[in-house]
Amino acid sequence: MFDLFKNELNRFKKIAFIFGFVLMVCWAYASTSIALTEMKTMKTFSVYLIVIAASFIFGVTQMYLHRRKAQWTYLVHRPIATKNIHLSLIGAGALLLVGALILPFIIVTLGYDLTTNMVIEGRYYLWILHLLFVSISSYFIGNYVILSPHKAAILSFSWIILITGSRDIVSSGVLIGLDILTLCITFVLSIISFKVNLSEQFSDKRLVLFSALALQPWFAAVIIFMQVTYYHFPLMLIDKHPDQYSQGQHAGYYSEVWRLKASQLAEKFIYDDYLQKEQLVKRLEKTEIQRLNTRFVPKQLIGQIQHQDKQFALNDSVNKTQWVFSHQKGVLVGHHLITDKPVGFVGAQGFLAADATINEKDRFGGVPSVLFNKFIQTNDTIYVVDFSQREIEIKHQLTNGEQYQSNVAPQQSGDYYLVISNKSLYAFNYGRFDEANEYTQPAYVIEHPYPYNPTLTIRYTDLIDGYLLDYQSRMLHGYRKPGYGLLYVKHDGSSELLATHSFKGYRPIPSWISTQDYWISPIVVGLGYRYLESLTRPSYKDSFMSIDEVFEAYPPQTYYLILFAAIFSALMTLLLARRIKLSTSNTLMWCILNLVCALPGLLAFLFMTNWREALFAAKHNPN
């Protein structure tokens with residue numbers, strides 16, 4: 001076993017060494033132009049692409065070279081157990097990946113950590129650990145894809161998308177936990193695919209069940225995506241798709257809002273008993289709707305892995321210093337960009353000397369956003385920094401548990417700085433907010449007429465005596481309950497709700513299409529897939545249906561479709577299993593699985609059994 005392990009290392013060690021050396025040089029060079037710890041989106045994507053592609057290709061190549069007929073026979077008939085042969089190969093493969101893909105990142109990071117004053121903390125090494133899990137999992141998937149007898153094996157790649165594709169802020173514990181889960185699942189898939197007869201389907205019920213369950217969420221995703229082929233694309237070709245309907249055909253649906261101008265929206269939705277409705281509609285005919293810069297920003301977490309950082313640093317171009325937030329110290333740490341000497345700290349109470357002791361009052365109490373090289377924004381406070389005077393002042397502060405939901409930013413027209421909280425919209429005079437280093441009272445405080453949710457979009461129309469704000473969201477009135485509202489805000493600060501409207505649906509498409517993500521399998525999609533999604537999108541927890549809403553969120557016909565899908569899947573499984581003479585125990589297992597998992601389970605059965613070959617053989621050899 002050890003000899004096989006050593007031989008496999010020797011087989012690829014030269015390629016691994018060259019690849020690792022080139023990667024280390026490239027990463028070190030890239031860190032001279034973009035700081036090592038500054039993980040921009042394209043930089044993160046490039047690292048993921050290199051690690052995933054290299055690991056997957058190596059996993060496929062390694063097993064492909066062994067699975068050639070003469071080579072495979074020689075390999076699996078060695079005088080050691082098959083599982084030990086496999087462990088020797090993947091042990092060598094994993095060690096080669098560590099040397100070629102992970103060690104270069106460790107060396108460069110350690111070099112900067114030991115020789116510079118750059119803020120490098122434990123979470124930066126967690127990023128490397130995360131890459132290790134991604135690399136080994138991708139490698140196992142490569143093994144599984146090349147050795148598995150069924151083509152659906154490629155769907156296991158979706159586990160990599162799960163742990164690398166989230167755009168939300170996920171805690172380090174949750175992300176590493178998902179990494180370990182993915183590693184365990186892909187490891188087992190790799191093990192069960194390594195067998196003497198590679199063309200033989202799994203017969204052990206435990207292995208069949210594990211393989212089917214591991215791929216269930218991704219079979220469900222395939223079924224949902226298939227809408228494009230049998231519904232959306234064909235209807236678009238003949239100009240009959242709901243998105244191509246006329247304005248009148250969208251009446252009653254949320255999509256109607258997207259197609260109406262300001263005056264049309266006012267005429268359609270403003271209450272008829274509003275006395276100035278007709279006059280307001282005429283005033284809006286020559287105006288345009290503009291979107292407010294209040295996009296929801298997920299809350300950053302102490303200890304989050306570095307690639308999830310939304311901002312990097314405050315730069316003082318005059319003094320050539322850079323200030324980076326330290327998750328361990330809770331303050332911004334400054335160093336000189338040329339000499340690399342430490343220049344002190346910036347905390348909630350002001351500037352501190354480099355040798356100062358940081359107390360609890362100095363800490364920001366969370367991960368702040370650093371904006372426009374002058375503002376620091378926490379969950380409830382906005383600070384302004386004056387580098388020339390080495391002062392920090394509170395610019396605005398919330399009370400009573402209110403929290404910001406967006407980063408403060410200038411409006412496109414340049415009149416105001418805007419920030420939104422979970423209770424109100426705040427608009428600050430641009431000149432005073434941008435220039436004065438003191439507390440600034442907002443010009444407008446507009447309380448939300450609806451409960452805040454991350455999907456909320458606010459637009460405005462500029463009028464002579466105020467602003468007409470429109471609120472729209474696919475969840476304005478609750479889960480799957482889109483709505484629209486109009487709020488008239490006068491220059492004196494008073495406001496009046498002129499319209500609130502609920503829609504019967506998101507778009508005018510059949511309910512069996514719009515609710516397909518649920519009825520194809522409430523267990524797989526409603527519980528399994530949604531649970532995984534809630535882990536990777538914690539900031540959007542209100543976007544997921546609660547248990548209490550299960551029987552309220554969908555039309556009655558959806559629940560009939562659920563029963564039909566489950567019974568149809570179980571019956572089709574039973575008929576096919578009997579035709580291909582599957583064992584009674586395996587037939588029972590598949591029928592129960594597909595009664596519970598419905599269509600994704602049926603799809604797993606079709607991909608993971610040789611039913612076509614068995615039916616063909618039965619047809620031509622009836623005896």
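The preceding data block contains the structure.
This one's a predicted model, so the numbers in the text were calculated from it and none came from an experiment.

Asks: Got a sec to walk through the overall build of the protein? Specific residues and values, please.
Replies: Secondary structure summary: the protein contains 19 helices and 18 strands in total. Out of the 623 residues belonging to the protein, those deemed buried represent 50%. The long-range share in the protein, meaning contacts at least 24 apart out of those at least 6 apart in sequence, stands at 62%. If you sum the accessible surface of the protein, you get close to 30,600 Å²; carbon and sulfur atoms cover 59% of it. Counting 54 positive and 46 negative side-chain charges, the protein places the averaged centre of each group 14 Å from the other.

Asks: Kindly report on empty space enclosed by the protein, identifying the contributing residues and their values.
Replies: Within the structure shown, the criterion is met by five cavities of 30 Å³ or more. Quantified by volume, the largest cavity comes out at close to 130 Å³. Around the largest cavity sit 14 residues that line it, and Lys299, Ser369, Gln377, Asn379 and Asn407 are the ones nearest its centre. Here the residues of the lining of the largest cavity are counted per class, giving five nonpolar, eight polar and one charged.

Asks: Talk me through the packing of helix α2 (residues 41–67) against helix α5 (residues 122–147); I want residue IDs and the actual numbers.
Replies: In contact at an axis separation of 7 Å, α2 and α5 are set at 35 degrees when each is read in the N-to-C sense. Pair α2 / α5 crosses with right-handed handedness. Across the contact of α2 with α5, the residue classes tally to 17 nonpolar, nine polar and one charged.

Asks: Residues and numbers for the pattern of salt bridges, please.
Replies: By the definition in use, this model includes 11 salt bridges. As a salt-bridge pair, Asp243 and Arg507 come within 2.9 Å of each other at their nearest N and O atoms. Highlighted residues: Asp243 in the loop between α9 (227–237) and α10 (262–269) and Arg507 in the loop between β18 (495–502) and α13 (511–514), separated in sequence by 264 residues. Taking the relative accessible area as the measure of exposure, Arg507 reaches 21% and is therefore partly exposed. Arg283 is the partner of Asp465 in a salt bridge, and the nearest nitrogen-oxygen pair spans 2.7 Å. Of this pair, Asp465 sits in the loop between β15 (457–463) and β16 (466–473) while Arg283 sits in helix α11 (residues 277–284); the two residues are 182 residues apart in sequence, bridging distant segments of the chain. The exposure class of Asp465 is partly exposed, given its relative accessible area of 28%. By relative accessible area, which is 28% here, Arg283 ends up partly exposed.

Asks: Now, about helix α18 (residues 599–608): what can you tell me, with residues and values included?
Replies: With eight of 10 residues buried, α18 lies mostly within the body of the structure. Turning to α18, its buried residues number three or more, namely Leu599, Pro600, Gly601, Leu602, Leu603, Ala604, Phe605 and Met608.

Asks: How would you summarise the packing of aromatic side chains if you had to cite specific residues and measurements?
Replies: As enumerated under the stated definition, the model contains 35 aromatic pairs in all. Relative to Trp218, the ring of Trp159 lies with its centre 5.4 Å away and its plane at 80 degrees, an arrangement referred to as edge-to-face. Highlighted residues: Trp159 in helix α6 (residues 158–164) and Trp218 in helix α8 (residues 205–225), separated in sequence by 59 residues. By relative accessible area, which is 5% here, Trp159 ends up buried. On the numbers, 5.2 Å between centres and 80 degrees between planes, the contact of Trp590 with Phe605 is edge-to-face.

Asks: Hey, could you go over the environment of Phe210 for me, with residue numbers and the actual values?
Replies: Tracing the chain through its elements places Phe210 in helix α8. In the structure, Phe210 is positioned 21 residues away from Leu189 in sequence and 8.4 Å away in space, judged by C-alpha atoms. Excluding residues that lie within four positions of it along the chain, Phe210 makes contacts with Ile185, Val188 and Leu189.

Asks: Can you explain the packing of α8 against α9? Please cite residues and give values.
Replies: One way to put it is that α8 packs onto α9 with a least axis distance of 6 Å and a crossing angle of 20 degrees. By the angle between their axes, α8 is roughly parallel relative to α9. The segment α8 lies against α9, with Ile223, Ile224 and Phe225 engaging Gln227, Val228, Thr229 and Tyr230. For the contact of α8 with α9, the residue count by class is five nonpolar, two polar and no charged.

Asks: I'd like to hear about the nonpolar core, residue by residue, with values.
Replies: General note: in soluble globular proteins, nonpolar side chains tend to be found buried as a group. Counting 99 residues, the largest nonpolar core has Phe105, Trp127, Leu131, Phe194 and Trp590 as the members making the most contacts within it. When neighbours within four sequence positions are excluded, Leu131 is seen to be in contact with Val47, Tyr48, Val51, Ile102 and Phe105. Among the nonpolar cores identified, the runner-up in size contains 21 residues, and Tyr444, Tyr450, Leu469 and Tyr540 belong to it.

Asks: Report on the sheet that holds strand β7 (residues 369–371), specifying residues and quantitative values.
Replies: Taken in spatial order, the four strands line up as β7-β8-β9-β10 in an open sheet, and their pairing is antiparallel. Each edge of the open sheet is held by one strand with a lone partner, namely β7 and β10 (391–397). Between one strand and the next, the sheet's axes are offset by a mean angle of 25 degrees, whatever the strand orientation. One ladder, built from three bridges, connects β7 with strand β8 (residues 375–377); its direction is antiparallel. Residue Ser369 lies in a different strand from β8, and its bridge partner there is Gln377.

Asks: Just give me the short version of a nonpolar patch on the surface, but keep the residues and values in it.
Replies: A cluster of nonpolar side chains, contributed by Ile523, Leu563, Ile567, Leu571, Leu574, Leu588, Ile592, Leu595 and Val596, occupies part of the molecular surface with about 810 Å² of accessible area. Going through the elements one at a time, α16 (556–579) and α17 (584–597) are the ones with two or more residues in the nonpolar patch. Here Leu588 shows up in helix α17.

Asks: Now, about the side chain of Gln62: what can you tell me, with residues and values included?
Replies: Relative to the helices and strands, Gln62 resides in helix α2. Only 2.9 Å separates the side chain of Gln62 from the side chain of Glu8, close enough to count as a polar contact. Excluding residues within four positions of it along the chain, Gln62 makes contact with Glu8, Phe12, Leu89, Gly93, Tyr139 and Asn143.

Asks: How would you sum up the pairing of strand β14 (residues 444–447)? Please name residues and give values.
Replies: Burial along β14 is one-sided: Tyr444 and Ile446 are buried, and none of Val445 and Glu447, which face the opposite way, are. Where strand β13 (residues 424–429) meets β14, four bridges bridge the pair, whose relative direction is antiparallel. By the bridge assignment, Tyr426 is partnered in β14 with Val445.

Asks: Can you lay out the sheet that holds β14 for me, pointing to particular residues and giving the numbers?
Replies: If you trace the four strands from one edge of the open sheet to the other, you get β11-β12-β13-β14, paired in antiparallel fashion. Since the sheet does not close on itself, it has two edges, and those belong to β11 (409–410) and β14, each with one partner. Alignment of β11 against strand β12 (residues 416–420), held across two bridges, turns out to be antiparallel. Within the sheet, the bridge partner assigned to Pro410 lies in β12 and is Tyr417.

Asks: Describe unusual backbone geometry, naming the residues involved and giving the relevant values.
Replies: The backbone of Phe372 shows a phi angle near 55 degrees, a positive value even though the residue is not glycine. Along the chain, Phe372 turns up in the loop between β7 and β8. For Ala598, which is not glycine, the phi dihedral falls at a positive 60 degrees. Within the secondary structure, Ala598 sits in the loop between α17 and α18. Residue classification places Ala598 among the buried residues on the basis of a relative accessible area of 2%.

Rules behind the numbers
Residues numbered from 1 in each chain as written. Predicted model: local features only at pLDDT ≥ 70, side-chain atom pairs only at ≥ 80, totals over all residues. Heavy atoms only, no water. Helix = DSSP H or I, 4+ residues; strand = E, 2+ residues; numbered from the N terminus. Buried < 20%, exposed > 50% of the residue type's maximum accessible area, 1.4 Å probe, protein only. Contact = heavy atoms within 4.5 Å. Areas by Shrake-Rupley, 256 points an atom, 1.4 Å probe, with all protein chains shown as cover. Lys, Arg positive; Asp, Glu negative; His and termini not counted. Charge placed at Lys NZ, Arg CZ, Asp CG, Glu CD. 1 Å grid on protein atoms, 1.4 Å probe; cavity = no way out; pocket = protein on both sides within 12 Å on 5 of 7 lines; lining within 4 Å. Points joined across faces, edges and corners; volume = space filled by probe spheres on them. Nonpolar A, V, L, I, M, F, W, Y, C, P; charged D, E, K, R; others polar. Axes fitted to C-alpha atoms, helices over the stretch in contact; angles between N-to-C directions. Left-handed = near helix turned anticlockwise from the far one by under 90°. Salt bridge = Lys/Arg side-chain N within 4 Å of Asp/Glu carboxyl O. Phe/Tyr/Trp six-rings, centres within 6.5 Å; stacked < 30°, edge-to-face > 60°. Parallel < 35°, antiparallel > 145°, perpendicular 65-115°, else oblique. Core = buried A, V, L, I, M, F, W, Y, C linked by side-chain atoms within 4.5 Å. Pairing = 2+ DSSP bridges. Patch = residues over 30% accessible without salt bridge, like charges linked within 9 Å, V, L, I, M, F, W, Y side chains within 5 Å. Polar contact = N/O pair within 3.5 Å; in protein donor to acceptor, adjacent residues only side chain to side chain.

In short, geometric facts, not functional conclusions.
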